[in-house]
Amino acid sequence: MSTIFSIRDVTVRFGGLLALNRFSMDVAQGAIHALIGPNGAGKSTVFNCVSRFCTPVSGDIVFDGKSLIALPPHGVVALGIARTFQNIEQLYRMTVLENVLVGLTSRAPLYFPFGPGAARARAERQAVADAEEVLAQTGLLPYRDMLAGNLDFGHQKLLDLSRALAAKPRLLLLDEPAAGLRNREISHVDAILVDLARRRGITIVLVEHVMQLVMSVADTVTVLSFGEKIAEGVPAAIRSDANVIEAYLGREATHA
Amino acid sequence: MHGSPPLRHLLPLGLLIAAGFVLPQFLPEYFLYIANTLMVYLILAIGLDILLGWSGQFAFAHIAFYGIGIYGTALLNMRLGVPFVLGMPLAAAAAAAIGFLIAIPATRLRAVYLALATFAFAECAQWVYRTWDSVTKGPDGLRISAPDIFGYVVGTDKRALPVIAIILALVLAATLYLGRSKLGRSLCAIRDSEHVAAASGIDVKRTKVIAFTISAFYAGVAGGTYTLFQSFIHPDGLGVWTLVLVLSMIVVGGSGTLPGVVLGVVLLGLLPEALRAAPRGLLVWQEFAYGLILTLAIMFMPRGIWGLFNRRTRARRKPALSVEAPAPARALQHQSP
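Residues numbered from 1 in each chain as written. Chains lettered and ligands numbered in written order. Predicted model: local features only at pLDDT ≥ 70, side-chain atom pairs only at ≥ 80, totals over all residues.

Draft legend 1. Structural detail: the overall build of chain A. A tally of helices and strands in chain A yields 10 helices and 10 strands. For chain A, whose C-alpha radius of gyration is 19 Å, the value lies close to the compact-globule estimate of 18 Å for 256 residues. Projected onto its principal axes, the C-alpha positions of chain A cover 65 × 40 × 35 Å. By the burial criterion, 49% of the 256 residues in chain A qualify as buried. Restricting the contact set of chain A to residue pairs at least 6 apart, pairs at least 24 apart contribute 66%. (Helix = DSSP H or I, 4+ residues; strand = E, 2+ residues; numbered from the N terminus. Rg over C-alpha atoms; globule rule 2.2 N^0.38 Å. Buried ≥ 20, exposed ≤ 12 C-beta atoms within 10 Å, placed from the backbone. Contact = placed C-beta atoms within 7 Å.)

See below:
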């Protein structure tokens, strides 16, 4: 499998704190690549660098041969990279459908917004059809006209994912999609991820603390601790890696 | 269809225009004056709400753009002989252009800093209207001539009302369309979460600048419309008091919702008339009443009066919302190995 996305020697400082220290990671086309590590290891910082909310002091991030470093946040989406958020951020005062329509922004055409017109009718018909297709995939179609803020936690997580999927990404960054979910909901997320990667060929980078999910879906696991990569490999190898056990999984994991 | 306002939202606009032609035949001039004033306030309030309620930008330069609309339309007409049908859009475009220029530095600021900076701009603008004697006649005010629309001389409340009703109907229609457009959704998205908006491909900074520009254009239109039924313009109405009034209308009615803003403008706009009709002496409490109403509204109904009644803004959980995986997702789960 060829590498589609790579993070090369990225260093990020927040004042005196070295959040990421020459971190590198290569993600294979079509893979589910998990990024794990204890709290504060720098996982979300990696995502924030990719979506250009924070800028590394050195290093490069390359997707499909193009560097992302010089792009604005909205430019990253246009290349085909979408993300979800760890603490569900939602467009709370907009409906479920409108949230997904916002997710379509990068690929929906512009038209004159203050009046009727053929371009508008065409663009909106297409957008609503696309949005409903995504909602049907994630199972949120019955909640189409509810306000996002009125959904329960599990459905808000799914809406975050739906909004990201609406951009038709080639690379999807998922920041703790299973955090706070019940077992049954986790297996639901598991099924969706496998479907996205295997059937639709979307490359996924997954930050997650729920080991059950990571071990079940990931092709490769990268482990971060205090801003540095301490291990990388297939889930089985990571499970028995001495460094990882020491830094992160703890004693209990050796019995698992 | 989702992208266009439904007919039941557009039909009342036809009624508004019809009322604009019929009412002047029956109502006394004083009522027509109140109706005209409310309609201008409504255009002004909708413009401010696009910035405040839709886009979440707490900017208060609005009243300055209203002034550009008023003085621009009047002066273009008096000094250069530009007719209203051309002068009003030109003045609104000038307001929008200045709104655009202000937005470029202003959108770098957030929250209270944005509020203070834009408020300072509005104060500066009022100072200009007050002191630029050679153009605005300063604090003496400016007597303006009656606009003429293709030979139809406006000037009085009775003759202005149908024209203002048409302008308001166009503004409302444009706003209804904007609310169901890609741009309208982008404005609301940056209000709810700038991170989600940016991660969805929205250029947050550019969208804020667009919001400022649209908002300023609406204020310019409101200003131009004001010259239709006033024979005298004066800088005193272009200060903090008018701004607070329009702000109260939005907050009390329900910011971010068109029906809420309409409700707020009508209720607070009629308040002085109610106080005037009440026993003598109550009118002096007008400003106190506005302050009290605004405070109570913010404390007890942050979504405004409309928010109390509207299904969309009321937090409600349907019993149907279980945490169980929805049916299509379950099906998908069974297919996967």
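Draft legend 2. Broad picture of the overall build of chain B. A tally of helices and strands in chain B yields 15 helices and four strands. Computed over C-alpha atoms, the radius of gyration of chain B comes to 22 Å, within 12% of the 20 Å expected from 2.2 N^0.38 for 337 residues, which places it in the range of a compact globule. Considering only C-alpha atoms, chain B reaches an extent of 80 × 45 × 40 Å along its principal axes. Out of the 337 residues in chain B, the part that is buried amounts to 46%.

Draft legend 3. Highlighting the pairing of strand 1 (residues 3-14) of chain A. All names here are of chain A. The pairing of strand 1 with strand 2 (residues 17-28) spans eight bridges and is classified as antiparallel. Each bridged residue has a counterpart across the sheet, and for Thr3 the counterpart in strand 2 is Ala28. Here strand 1 folds back onto strand 2, and the loop between the two strands holds two residues, one of which, Gly15, carries a positive phi near 60°. (Pairing = 2+ DSSP bridges.)

Draft legend 4. A look at the sheet that holds strand 10 (residues 228-233) of chain A. Residue and element names in this part refer to chain A. Spatial ordering of the open sheet is given by 6-7-8-3-9-10, a layout of six strands whose pairing is mixed. A single partner strand is all that each edge strand has here, and the edge strands are strand 6 (81-83) and strand 10. Here the average twist between neighbouring strands, direction ignored, is 15°. Relative to strand 8 (residues 203-207), strand 7 (residues 171-175) is paired through five bridges, and the arrangement is parallel. Its bridge partner being in strand 8, Leu171 is matched across the sheet by Thr203. (Axes fitted to C-alpha atoms, helices over the stretch in contact; angles between N-to-C directions.)

Draft legend 5. Structural detail: the pairing of strand 4 (residues 58-63) of chain A. All names here are of chain A. For strand 1 and strand 4, the ladder comprises five bridges, and the chain directions are antiparallel. Within strand 4, the position partnered with Ile7 by the bridge is Ile61. Here two bridges tie strand 4 to strand 5 (residues 66-67), and the two strands are oriented antiparallel to one another. Within strand 5, the position partnered with Phe63 by the bridge is Lys66.

Draft legend 6. Main features of the domain arrangement of chain B. All names here are of chain B. Taken domain by domain, chain B consists of domain 1 (1-236) and domain 2 (239-315). Each of domain 1 and domain 2 was reduced to a C-alpha centroid, and the two centroids are 19 Å apart. The interface is formed by 22 residues belonging to domain 1 together with 16 residues belonging to domain 2. Elements with a contribution of two residues or more to the side of domain 1 that touches domain 2: helix 2 (29-54), helix 3 (62-80), helix 5 (111-131) and helix 7 (157-179). Per element, the largest residue contribution to the side of domain 1 that touches domain 2 is 13 residues, and it comes from helix 2. Grouping the amino acids of the side of domain 1 that touches domain 2 by side-chain chemistry returns 14 nonpolar, six polar and two charged. (Domains from an automatic or database assignment. Nonpolar A, V, L, I, M, F, W, Y, C, P; charged D, E, K, R; others polar.)

Draft legend 7. Representation of helix 2 of chain B. Residue and element names in this part refer to chain B. Along its 26 residues, helix 2 runs 36 Å from first to last C-alpha, staying within 8% of the 38 Å computed at 1.5 Å per residue. Along helix 2, the helix axis deviates most sharply at Leu48, where the bend reaches about 35°. Most of helix 2 sits inside the fold, with 19 of its 26 residues counted as buried. A positive phi of about 70° marks Gly56, the residue just after helix 2. (Expected span 1.5 Å × (residues − 1). Bend = angle between axes of the 7 residues up to and from the residue.)

Draft legend 8. Spatial organisation of the domain arrangement of chain A. Residue and element names in this part refer to chain A. Here chain A is partitioned into domain 1 (3-80 + 169-255) and domain 2 (92-160). The gap between the C-alpha centroids of domain 1 and domain 2 is 27 Å. Opposite the seven residues of domain 1 that make contact, domain 2 presents five residues. Residue assignment for the side of domain 1 that touches domain 2 shows that the elements contributing at least two residues are helix 2 (73-78) and helix 6 (183-199).

Draft legend 9. Spatial organisation of the sheet that holds strand 2 of chain A. Ordered by their spatial adjacency, four strands build an open sheet running 2-1-4-5 (chain A), and the pairing between neighbours is antiparallel. The sheet terminates laterally at strand 2 and strand 5 of chain A, the two strands that pair on one side only.

Draft legend 10. Here's a closer look at the packing of helix 7 of chain B against helix 10 (residues 204-226) of chain B. All names here are of chain B. In contact at an axis separation of 11 Å, helix 7 and helix 10 are set at 170° when each is read in the N-to-C sense. In terms of orientation, helix 7 and helix 10 fall into the roughly antiparallel class. From helix 7, Ile164, Ile167 and Val171 reach across to helix 10, where they touch Tyr218, Val221 and Thr225. For the contact of helix 7 with helix 10, a count of residues per class yields five nonpolar, one polar and no charged. (Parallel < 35°, antiparallel > 145°, perpendicular 65-115°, else oblique.)

Draft legend 11. Representation of the nonpolar core in the model. Residue and element names in this part refer to chain B. Ile43, Ala45 and Ala95 are the most contacted members of the largest nonpolar core, which has 172 residues in total. A per-element tally of this core places helix 2 first, with 15 residues. Apart from residues no more than four positions distant in its own chain, Ala45 is found in contact with Val246, Met249, Ile250, Val261, Gly264 and Val265. (Core = buried A, V, L, I, M, F, W, Y, C linked by C-beta atoms within 7 Å.)

Draft legend 12. Looking closely at helix 6 of chain A. Residues and elements named next belong to chain A. For helix 6, which comprises 17 residues, the first-to-last C-alpha distance of 24 Å matches the rise-based estimate of 24 Å (1.5 Å per residue) to within 8%. Those residues of helix 6 that fall on the buried side of the exposure criterion are Glu185, His188, Val189, Ala191, Ile192, Leu193, Leu196 and Ala197. Taken from the residues just after helix 6, Gly201 is the one with a positive phi, measuring 70°.

Draft legend 13. Quick look at the interface of chain A and chain B. Opposite the 51 residues of chain A that make contact, chain B presents 40 residues. Broken down by secondary-structure element, the contributors of at least two residues to the side of chain A that touches chain B are helix 2, helix 3 (96-103), helix 4 (118-138), helix 5 (153-166) and helix 6 of chain A. Top contributing element to the side of chain A that touches chain B by residue count: helix 6 of chain A, with eight residues. For the side of chain A that touches chain B, the per-class residue count stands at 26 nonpolar, 12 polar and 13 charged.

Draft legend 14. Seen up close, the packing of helix 3 of chain B against helix 4 (residues 84-106) of chain B. Residues and elements named next belong to chain B. Contact pair helix 3 / helix 4: the axes reach a minimum separation of 8 Å and the direction vectors enclose 145°. Regarding helix 3 and helix 4, the two cross each other, and that crossing is right-handed. Of the residues in helix 4, those touching helix 3 at Phe65, Ile68, Gly69, Gly72, Thr73, Leu76 and Asn77 are Phe84, Gly87, Met88, Leu90, Ala91, Ala92, Ala94, Ala95, Ile98 and Gly99. A breakdown of the residues in the contact of helix 3 with helix 4 according to their chemical character gives 11 nonpolar, six polar and no charged. (Left-handed = near helix turned anticlockwise from the far one by under 90°.)

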